[in-house]
Amino acid sequence: MIPKVRQHYNDHFKKEHYENLQNEVIETYGESTVFRLSETPVFISKAVKETIFDTCNSILKQLSTFNFDEIRAQFVPKDIQSPAPLGNPHFLAIDFGLCEDDKGGISPQLIELQAFPTLFFYQPFLGKAFLNNFPGMPKEGFDFYFNDLNEEQYINEVKKVIVGDEKQEHVILMELYPEKQKTKIDFWATKKAIGIDVVCMTKIMKEGKNLFYLKNGTKTPIKRIYNRVIFDEISRTADIETQFNLHDDVDVEWVTHPDWFYMISKSVMPKLQHKNIPNSFYLNDYPDTINLNDYVLKPLFSFAGLGIDLYPNKEKIAAITDKENYILQEKVNYAAALKTKSEKNSKAEVRILFIWDQQINGFKPVINLARLSKGELINVAHNTEETWIGSSIAFFED
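Residues numbered from 1 in each chain as written. Predicted model: local features only at pLDDT ≥ 70, side-chain atom pairs only at ≥ 80, totals over all residues. Heavy atoms only, no water.

1. Points about the sheet that holds strand β10 (residues 224–227)
Taken together, 4 strands build an open sheet; the order of strands is β6-β5-β10-β11 and the sheet is parallel. The sheet is open, and its two borders are formed by β6 (197–200) and β11 (253–255), each paired with just one other strand. The mean inter-strand angle of the sheet, taken between neighbouring strand axes irrespective of direction, is 35 degrees. In terms of strand pairing, β10 meets β11 through 3 bridges, oriented parallel. Paired with Tyr 226 across the two strands is Val 255, which belongs to β11. Against the sheet, helix α6 (residues 151–163) makes contact with β5 (171–175), β10 and β11, and its axis sits at roughly 120 degrees relative to β10, the strand it touches most. Against the sheet, helix α7 (residues 184–194) contacts β5, β6 and β10, and its axis sits at roughly 140 degrees relative to β6. (Pairing = 2+ DSSP bridges. Helix = DSSP H or I, 4+ residues; strand = E, 2+ residues; numbered from the N terminus. Axes fitted to C-alpha atoms, helices over the stretch in contact; angles between N-to-C directions. Contact = heavy atoms within 4.5 Å.)

2. Let's talk about helix α5 (residues 122–133)
Over its 12 residues, α5 runs 16 Å from end to end, which matches the ideal 16 Å to within 8%, given 1.5 Å per residue. Counted residue by residue, α5 has 9 buried out of 12 residues, so it is predominantly covered. Within the span of α5, buried status applies to Tyr 122, Gln 123, Pro 124, Phe 125, Leu 126, Gly 127, Ala 129, Phe 130 and Asn 133. (Expected span 1.5 Å × (residues − 1). Buried < 20%, exposed > 50% of the residue type's maximum accessible area, 1.4 Å probe, protein only.)

3. Focus: unusual backbone geometry
Cis peptide bonds are those with omega within 30 degrees of zero, and the linkage from Val 255 to Thr 256 qualifies with 5 degrees. Positive phi, normally seen in glycine, also occurs at Asn 147, with a value near 60 degrees. Along the chain, Asn 147 turns up in the loop between β4 (142–143) and α6. Asn 147 gets classed as partly exposed once you look at its relative accessible area, which sits at 45%.

4. Brief notes about the packing of helix α2 (residues 15–29) against α7
Helix-helix packing is described using two parameters, namely the angle between the two axes and the distance between the axes. Two elements in contact, α2 and α7, have axes separated by 10 Å at closest approach and are oriented at 55 degrees. With respect to their mutual orientation, α2 and α7 come out oblique. As α2 runs across α7, the sense of the crossing is left-handed. Contact residues: α2 offers Val 25, Thr 28 and Tyr 29, while α7 offers Ile 185, Trp 188, Ala 189 and Lys 192. Looking at the contact of α2 with α7, its residues break down into 5 nonpolar, 1 polar and 1 charged. (Parallel < 35°, antiparallel > 145°, perpendicular 65-115°, else oblique. Left-handed = near helix turned anticlockwise from the far one by under 90°. Nonpolar A, V, L, I, M, F, W, Y, C, P; charged D, E, K, R; others polar.)

5. Structural notes on the pattern of salt bridges
The tally for this structure, following the rule as stated, stands at 19 salt bridges. Glu 151 serves as the salt-bridge partner of Lys 128, at 3.2 Å between the closest nitrogen and oxygen. One end of the pair, Lys 128, is in helix α5; the other, Glu 151, is in helix α6, and 23 residues separate them in sequence. The exposure class assigned to Glu 151 is partly exposed, which follows from its relative accessible area of 39%. (Salt bridge = Lys/Arg side-chain N within 4 Å of Asp/Glu carboxyl O.)

6. Comments concerning empty space enclosed by the protein
Scanning the model with the defined rule gives 3 cavities of 30 Å³ or more in all. Here the largest cavity is characterised by a volume of approximately 100 Å³. Taken together, 13 residues make up the lining of the largest cavity; nearest its centre are Phe 231, Leu 246, Pro 258, Asp 259 and Tyr 262. Class assignment of the residues belonging to the lining of the largest cavity gives a composition of 9 nonpolar, 3 polar and 1 charged. (1 Å grid on protein atoms, 1.4 Å probe; cavity = no way out; pocket = protein on both sides within 12 Å on 5 of 7 lines; lining within 4 Å. Points joined across faces, edges and corners; volume = space filled by probe spheres on them.)

7. So, the packing of aromatic side chains
Here the structure, examined in full by the defined rule, presents 30 aromatic pairs. Seen from their ring centres, Tyr 9 and Phe 43 are 5.8 Å apart, and the 65 degrees between their planes marks the pair as edge-to-face. Note that Tyr 9 is positioned in helix α1 (residues 3–12) and Phe 43 in strand β1 (residues 42–44), a separation of 34 residues in sequence. Given the relative accessible area of 1%, Tyr 9 is considered buried. Relative accessible area serves as the criterion here: at 3%, Phe 43 is assigned to the buried category. Here Phe 144 and Tyr 145 contribute two aromatic rings whose centre-to-centre distance is 4.4 Å and whose plane-to-plane angle is 40 degrees, an arrangement assigned as tilted. For Phe 144, a relative accessible area of 4% gives the class buried. (Phe/Tyr/Trp six-rings, centres within 6.5 Å; stacked < 30°, edge-to-face > 60°.)

Structure follows, in structure tokens:
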């Protein structure tokens, strides 16, 4: 997308560079990623960067006007609402597809957003690993961090959000069967970066309102939970046995409060408007005049691409009993604009990652991730037989 930079990278690419990247992951974390690593980062021009952040700023401004008490009542079932103080969401991810415009250029289009953490500690490793292993990387004028952060500043700022003023031994990263998760590499990266333990939800002990875990064989109080558990996965997991649930009244601080997963998500997309935000409608309230061939059907609270229907029709819609839990989102035309060393070009999505900054009392962009594909669905679990696809990171032009 920046022809000279892309051509220089491709000209200097060798398979051994990619193998070195894969080996660095294993040497650093003791295992490889479950998801496929891409052979390349994405290079984002100044113009596309400006459009992405113009859209982000518009989204943030609109979110600040929403009545989240009403949104909570609408989208979070009362029986799973957490009684903990709601506070502010600690994280936000905004996903953009890099799409074709009508002038032969790139138009970033909003795909979805989520107030939930993702690969916050693996991504800085990956950005640095690309610089370490690929001679074709630009040496200056590009960065994968935002707000002029460097590695040390970034780690300190994200650590402050997660750990706060608590002692590290009283803070955990909580996941459901973490060793089985596709994003587990980030759990090990989190532990390595900020020193908190990764604890399976099934291993947590509850006594009254207090929670505990075993640290080096010693029962240790939990005061703060960096939560990576998604309620949808709990509900889909058979024979799960836990001593507490996300909506229990327990004496911990949540990072972030479980209800934000529902409240800032695909559930608010029909409320957002911008030239780079495709039209979307709640399935129980969409205009009869739209052409369903131009829309994709998405469940509101699934993750990793589960349940997405690229070809909805009236018969399929009629069979859905909980229409309030779905949206129709206008399709976008991903640009196969990333030239590769293979037969086909790749398509890309870029996710901008934000943390809540108490000094500005708002979200602050800090880093990003990217996903490359050659198929219809941009997802690291799809088209894995291809090359020059998978998980990556974007380097933005200064």
